[in-house]
Amino acid sequence: MNVKLTIESKAELLNGVEMPRLGLGVWRTQEGEEVEKAVSEALKAGYLGVDTASMYGNEAGVGRAVRASGIPRGNLFITTKVWNNQQGYDNTLRAFEESAKQLDLGYVDLYLVHWPVKGKYKDTYRAMEELYDQGKVRAIGVSNFHIHHLEDLMGSCRIKPMVNQVELHPMLTQKKLQMFCRKEGIQIESWRPLMRGNLDLPLLQELAAQYGKTPAQIVIRWHLQQGVVTIPKSVRESRIRENADVFDFELAPEDMNRIDSLNEDRRFGADPDNFDF
């Protein structure tokens, strides 16, 4: 990317809505004080996006922290997702109302199908189109969709998914999926960008020393320079701030390519073609 990136940088989605390029993920962050503190620290550090899900059980805490921040609602971008056992048309409409009630923020910026549950994700997405039409969500999309899932969905949907949130990191670069989504105008977003803390790879250590940054900062910057939205998760103030301190340097093209070469198609999470939850 040639544009100078800042913590306020945004990606424009298909419908013109702008999504922060860096957000806070709150998976496995406990409801109550832990999630409220993490979100509060992130907002103080300049983050503009928070990514939660009904399955995380912490939507209420996210909502409380956002309301307590004093930041105008329109300046922030809040994502949540419909869980697998809530999928189907009517179930999704009900699940959304519960998520909206928990968050208590007036509307949701982005609503995602959490996983491509076979035989259900099309009806789930049809409900999301209805919510979008009603103005209850500003953007809709999917999570953990392979190319064939996207092609199947786009064969019948009225509104093209605006985001596909997937596991993506140096050991799982998802280049074919990235190319497909770029061609279709679907924004790729990365979960588990820091490989569950597996950052002791010699190349990342070398680049961290070279750029005067941490391996985590190198990896986050690698995501951002590809045009990938990323949502590193942390509950520690120092780490939340560290993860955002990535806008005062730029990785050289050859270093971007070297990080790409770490790809092993290795997943730390489930394969979207083979999950049982």
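Refer to the structure above for everything that follows.
By convention here, each chain's residues receive numbers from 1 onward along its written sequence. Side-chain atom pairs in this predicted model are given and counted only at pLDDT of 80 or more, local residue features only at pLDDT of at least 70, and totals for whole chains, interfaces and linings cover all residues. Remark: hydrogens and water are excluded; side-chain values derive from all non-hydrogen atoms of the structure.

**With respect to the overall build of the protein chain**
Worth spelling out the cut-off: Counting from the N terminus, the helices are the DSSP runs of H or I reaching at least four residues and the strands are the DSSP runs of E reaching at least two. Any two residues whose heavy atoms approach within 4.5 Å are treated as being in contact. The charge count treats Lys and Arg as positive and Asp and Glu as negative. His and the chain ends do not count. Taken as the charge location is NZ of Lys, CZ of Arg, CG of Asp or CD of Glu.
Counting secondary structure elements, the protein chain contains ten helices and ten strands. On the principal axes, the C-alpha backbone points of the protein chain span a range of 55 × 40 × 35 Å. Within the protein chain, residue pairs in contact and separated by at least 24 positions form 76% of the contacts whose partners lie at least 6 positions apart. On the protein chain, the mean spot of the 35 positive side-chain charges and the mean spot of the 39 negative ones are 1 Å from each other.

**Considerations on the sheet that holds strand β6 (residues 108–113)**
Here is the rule we go by: If DSSP finds at least two bridges between two strands, the strands pair. The axes are straight lines fitted to the C-alpha atoms, using for helices just the contacting stretch, and the angles between their N-to-C directions are given from 0 to 180°.
What the eight strands build is an open sheet, ordered β3-β4-β5-β6-β7-β8-β9-β10; its pairing is parallel. Looking at which strands have only one partner, the edges of the open sheet turn out to be β3 (23–25) and β10 (229–230). Here β6 pairs with strand β7 (residues 137–143) via five bridges, running parallel. Directly across from Leu110, in β7, lies its bridge partner Ala139. Helix-sheet contacts for helix α4 (residues 121–133) involve β5 (77–82), β6 and β7, and the interaxial angle to β7 is about 165°.

**Observations regarding the pairing of β7**
The side chains of a regular strand alternate, residue by residue, between the two faces of the sheet. Defined as follows: Only protein chains enter the calculation, and the probe is 1.4 Å; a residue is then buried if its accessible area is under 20% of its type maximum, exposed if over 50%, and partly exposed in between. Crossover handedness is defined by viewing with both strands directed away from the observer: a clockwise path from the first strand over the helix to the second marks the crossover as right-handed.
Taken across its seven residues, β7 has six buried, putting it largely inside the fold. The parallel pair β6 and β7, bridged by α4, forms a crossover whose chirality is right-handed. When β7 meets strand β8 (residues 163–167), the two strands line up parallel, connected through two bridges. For Val142, the partnering residue across the bridge sits in β8 and is Asn164. As a crossover connection, the stretch from β7 through helix α5 (residues 147–154) into β8 is right-handed.

**A look at the side chain of Asn84**
Within the secondary structure layout, Asn84 lies in the loop between β5 and α3 (89–103). If we ignore the near neighbours within four places in the chain, the residues touching Asn84 are His114, Trp115, Val117, Phe275 and Phe277.

**Considering the packing of aromatic side chains**
Quick reminder of the rule: In this analysis, rings of Phe, Tyr and Trp, with Trp reduced to its six-membered ring, are considered paired at centre separations within 6.5 Å, and the interplanar angle assigns stacked below 30 degrees, edge-to-face beyond 60, and tilted for intermediate values. A positively charged side chain is recorded as over a ring if its NZ (Lys) or CZ (Arg) lies within 6 Å of the ring centre. The angle to the ring normal must also be within 35 degrees.
Inspection of the entire model under this criterion finds seven aromatic pairs. Measuring from centroid to centroid gives 5.1 Å for Trp115 and Phe277, while their planes differ by 85°, and the two rings are edge-to-face. Note that Trp115 is positioned in the loop between β6 and α4 and Phe277 in the segment after α10 (253–260), a separation of 162 residues in sequence. Among the residues examined, Trp115 registers a relative accessible area of 6% and is labelled buried. You can call Phe277 partly exposed: its relative accessible area is 42%. Through pairs of rings, three or more aromatic residues link up here, namely Trp83, Trp115, Phe275 and Phe277. It is Arg73 that lies over the ring of Tyr107; its NZ or CZ is 4.1 Å from the centre. A cation sits over an aromatic face here: Arg221 above Phe249, 5.8 Å from the ring centre.

**Here we look at the side chain of Thr29**
Mapped onto the secondary structure, Thr29 falls in the loop between β3 and α1 (33–44). Every residue in contact with Thr29, bar those within four places of it in the chain, is listed here: Glu34, Val35, Asn58, Lys233 and Val235.

**Quick notes on the packing of helix α8 (residues 215–225) against α10**
This is how it is decided: When an angle is under 35 degrees it counts as roughly parallel; over 145 it counts as roughly antiparallel; between 65 and 115 it counts as roughly perpendicular; any other value is oblique. Just so you know the grouping, Ala, Val, Leu, Ile, Met, Phe, Trp, Tyr, Cys and Pro go in nonpolar, Asp, Glu, Lys and Arg go in charged, and all remaining residues, Gly too, go in polar.
Contact geometry for α8 and α10: axes closest at 11 Å, N-to-C directions at 105°. The angle between the axes of α8 and α10 places the two elements in the roughly perpendicular class. Residue-level inspection shows Ile218, Trp222 and Gln225 of α8 in contact with α10, the latter providing Met256, Ile259 and Asp260. Residue classes in the contact of α8 with α10 are distributed as four nonpolar, one polar and one charged.

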